[in-house]
Amino acid sequence: METLRTSESSQHTQKIIFSEGVLTKVDDRSSGSSIQIFPNPAEETIKIVGLADGESVKIYNIVGTLVLVSQSSVINVSHLADGQYLVVAGNSIIKLIKK
């Protein structure tokens, strides 16, 4: 088991745990996120607002498998199957619904 990131502040605690390369647990207690995704639900592309230059975005499917990595603030998600995904960017984890 490997912990990808642990961050703590007075308003935010987050822990992402991997087991054998698959996301197995997200413990996210946050009073707000600095990253926003539009539109959500999405069909073809998403735009990520608040992403720092050079910061990567990782998208995981509902079973925790990494399905997409990008460093762009506009991401094509049209090839993803309909369903729920977790978008990990910076100190934020946001649920994305793909239609």
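Residues numbered from 1 in each chain as written. Predicted model: local features only at pLDDT ≥ 70, side-chain atom pairs only at ≥ 80, totals over all residues. Heavy atoms only, no water.

A. Representation of the environment of I94 within the structure. Here I94 lies in strand β10 (residues 92-98). Linking I94 and I59, residues 35 residues apart in sequence, is a C-alpha distance of 9.6 Å. (Helix = DSSP H or I, 4+ residues; strand = E, 2+ residues; numbered from the N terminus.)

B. Highlighting the nonpolar core. Ranked by size, the top nonpolar core spans 17 residues in total, and within it I46, I48, V57 and I59 carry the most contacts. The set of elements that each furnish at least two residues to this core consists of β5 (45-49), β6 (57-61), β9 (83-89) and β10. Broken down by element, this core gets its largest block of residues, three residues, from β9. Once residues lying within four places of it in the same chain are set aside, the contact partners of I46 are I37, F38, P39, I59, S73, V74, I75, V77 and L96. (Core = buried A, V, L, I, M, F, W, Y, C linked by side-chain atoms within 4.5 Å. Buried < 20%, exposed > 50% of the residue type's maximum accessible area, 1.4 Å probe, protein only. Contact = heavy atoms within 4.5 Å.)

C. View of the sheet that holds β5. The three strands are arranged β4-β5-β8 in an open sheet whose pairing can be described as antiparallel. Looking at strand neighbours, the two that pair on one side only are β4 (36-38) and β8 (74-76), the edges of this open sheet. Averaged over all pairs of adjacent strands, the angle between their axes in this sheet comes to 25°, without regard to strand direction. Pairing analysis gives three bridges linking β5 to β8, with the strands arranged antiparallel. Residue pairing for β8: K47 is matched across the bridge by V74. (Pairing = 2+ DSSP bridges. Axes fitted to C-alpha atoms, helices over the stretch in contact; angles between N-to-C directions.)

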